[in-house]
Amino acid sequence: MNDNYLMPTYARQPLNFSRGEGVWLYDTDGQAYLDGVSGIAVCNLGHCHPAVTRALTRQAASLVHTSNLYRVEHQESLAAALCQVSGMARAFFCNSGAEANEAAIKIARLYGNRRKVNTPTIVVLENAFHGRTMATLTATGNAKAQAGFEPLVSGFVRAPWNDVDAIRALADSHDNIVAVLVEPVQGEGGVRIPAPDYLARLRQLCDEKQWLLMLDEVQSGNGRTGSYFACSAAGVVPDVLTTAKGLGNGFPIGACLVSGAAEDVFGPGSHGSTYGGNPLGCATALAVVDTLTREVIPSVNAKGALLQQRLREALSGVAMVQDIRGQGLIIGVELDRDCPEIVALARDRGLLVNVTAGRVIRLLPPLVINDEEIALLVERVADAVRAFVRQQEAA
Ligand SMILES: *Cc1c(COP(=O)(O)O)cnc(C)c1O
């Protein structure tokens, strides 16, 4: 086996998994790894959750795809379930986070053009991540990811993170703003948690200016931050809410939800996706939403608090650790220097973690993790960090 026929777009680790169960992944040599990544906030119910496997296999045996030329019963049910947990009014289904954000960006454009705004412009934030398609790459606040792909898409203006006044000030220099697109918690950007009143203040500003508040909950949603969507915990209903990642627990599905001023923007012919919302994806996601809501989300905040507390205890004497922060079960351990080596050091200890924004160890364990597994996760993280400190001190 070799990767000669793959485009080298990823610097892959030398691991090849053949099986997963709960928080555990097993490689082809039978070695077990505690999963602190969940396929990048995707397998929130853990690997091969029986309710998801059952829904997926049952639906695969009866009907996989028909297209959006016809009604799709499971799509209607999933839309209702997502609107129920979010307070949103309608859903459009697609197949990824970037696609969900593309839908949001198109809604903002159409909303602006209908209101006769000349070159409608969307406010996006520094260090944001919204995807890899041309428009979402433009919205992403990472010069390295954008380099070489110019010309980027027009119609975006950038503001600093967690600064509502800076966004308000943009209105003085730009009379064409129609929407603000933000992540309630920045994941790729380094597990950044905003002030507690941030979303509520953004909601107020958008109401005042008649801008659409568009929240990217691709990573923060589906229980990851302790409620089904992070905006609900903040008591905020946006105009546009996008999600993907955890929605299918590994089955590729995304959604763009609308309410209020955005509810009636799209009509017949405005947007589409051939696969989007097919019976297989929607039956699977319905099982995910149902299981998350009834069995898993109620304990996420307690687990997150325990994990953070244990990490603080285990890493208390380590000077290189600058901050431990999180919301629900997205947790960042920030060091005082870049630490890509942590990934391999953790792997040697049977633990999968991701390092983002250079120096932030990002922990995204499956939400079904139990107390014993939390203790093991902390032990292995602390062990890897101490090994990194020894390496650095020896160098
Ligand atoms: C991962 C991510 C995306 C992109 O999702 P894809 O499914 O990879 O296209 C968009 N926004 C946020 C906040 C993400 O974390």
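Refer to the structure presented above.
My aim in this report is to walk through the structure given alongside it, one point at a time. On a predicted model such as this, the values are computed, not experimentally measured, just so you know.

### A few points about the side chain of R362
Moving on, step 1. Among the structural elements, R362 can be located in strand β15 (residues 360-363).
Moving on, step 2. A distance of 2.8 Å separates polar atoms of two side chains, one belonging to R362 and the other to E188.
Moving on, step 3. Among residues more than four places away in sequence, those in contact with R362 are G36, I40, G187, E188, V191, Q219, I331, N354 and T356.

### Quick word on unusual backbone geometry
Moving on, step 1. The omega angle of the peptide bond from E150 to P151 is 5 degrees, so this bond is cis rather than trans.
Moving on, step 2. With phi around 65 degrees, N127 is a residue other than glycine that occupies positive phi space.
Moving on, step 3. Locating N127 in the fold gives a position in the loop between β5 (121-125) and α5 (134-139).
Moving on, step 4. In this structure N127 comes out as partly exposed when scored by relative accessible area, which is 32%.

### Section: the packing of helix α3 (residues 73-86) against helix α10 (residues 279-296)
Moving on, step 1. With their axes 8 Å apart at the nearest point, α3 and α10 run at an angle of 30 degrees to one another. Judged on the interaxial angle alone, α10 and α3 are roughly parallel. Every pair of crossing elements has a handedness; the one defined by α3 and α10 is left-handed. Along its contact with α3, which presents H74, Q75, S77, L78, A81, L82 and V85, the element α10 presents P279, C282, A283, A285, L286, V289 and T293.
Moving on, step 2. Looking at the contact of α3 with α10, its residues break down into 10 nonpolar, four polar and no charged.

### Brief notes about the pattern of salt bridges
Moving on, step 1. Taken as a whole and judged by the stated rule, the model has 15 salt bridges.
Moving on, step 2. The salt bridge involving R90 is made with E263; its shortest N-O contact spans 3.8 Å. Pair noted here: R90 is in strand β4 (residues 90-94) and E263 is in the loop between β10 (254-258) and α10, with a separation of 173 residues, a long-range link.
Moving on, step 3. Residue classification places R90 among the partly exposed residues on the basis of a relative accessible area of 48%.
Moving on, step 4. Between R337 and D336 there is a salt bridge, with the nearest N and O atoms lying 2.8 Å from each other.
Moving on, step 5. Using a relative accessible area of 29% as the deciding quantity, one classes R337 as partly exposed.
Moving on, step 6. Note on D336: relative accessible area 28%, which makes it partly exposed.
Moving on, step 7. Overlapping salt bridges, with partners in common, bring together R203, D207 and D239 in one network.

### Examining a nonpolar patch on the surface
Moving on, step 1. Residues M134, F149 and L152 make up a contiguous nonpolar surface patch of about 260 Å² in total accessible area.
Moving on, step 2. Along the chain, L152 turns up in the loop between α6 (143-146) and β6 (156-159).
Moving on, step 3. Overall, the relative accessible area of 31% leaves L152 in the partly exposed class.

### Observations concerning the site of the ligand
Moving on, step 1. Around the ligand sit S96, G97, A98, N101, F129, H130, G131, E183, D216, V218, Q219 and K245, and those are all the residues in its vicinity.
Moving on, step 2. Taking G97, its main chain carries an N or O atom lying 2.8 Å from an oxygen atom of the ligand.
Moving on, step 3. Measuring from an oxygen atom of the ligand, one finds a side-chain N or O atom of K245 at 2.6 Å.
Moving on, step 4. Burial of the ligand by the surrounding chains reaches 82%, relative to a free accessible area of 380 Å².
Moving on, step 5. Broken down by element, the shell around the ligand gets its largest block of residues, three residues, from helix α4 (residues 97-114).
Moving on, step 6. Of the residues assigned to the shell around the ligand, the class counts are three nonpolar, six polar and three charged.

Conventions we followed
Residues numbered from 1 in each chain as written. Predicted model: local features only at pLDDT ≥ 70, side-chain atom pairs only at ≥ 80, totals over all residues. Heavy atoms only, no water. Helix = DSSP H or I, 4+ residues; strand = E, 2+ residues; numbered from the N terminus. Polar contact = N/O pair within 3.5 Å; in protein donor to acceptor, adjacent residues only side chain to side chain. Contact = heavy atoms within 4.5 Å. Buried < 20%, exposed > 50% of the residue type's maximum accessible area, 1.4 Å probe, protein only. Axes fitted to C-alpha atoms, helices over the stretch in contact; angles between N-to-C directions. Parallel < 35°, antiparallel > 145°, perpendicular 65-115°, else oblique. Left-handed = near helix turned anticlockwise from the far one by under 90°. Nonpolar A, V, L, I, M, F, W, Y, C, P; charged D, E, K, R; others polar. Salt bridge = Lys/Arg side-chain N within 4 Å of Asp/Glu carboxyl O. Patch = residues over 30% accessible without salt bridge, like charges linked within 9 Å, V, L, I, M, F, W, Y side chains within 5 Å. Areas by Shrake-Rupley, 256 points an atom, 1.4 Å probe, with all protein chains shown as cover. Near = heavy atom within 4 Å.

By themselves these figures say nothing about function.
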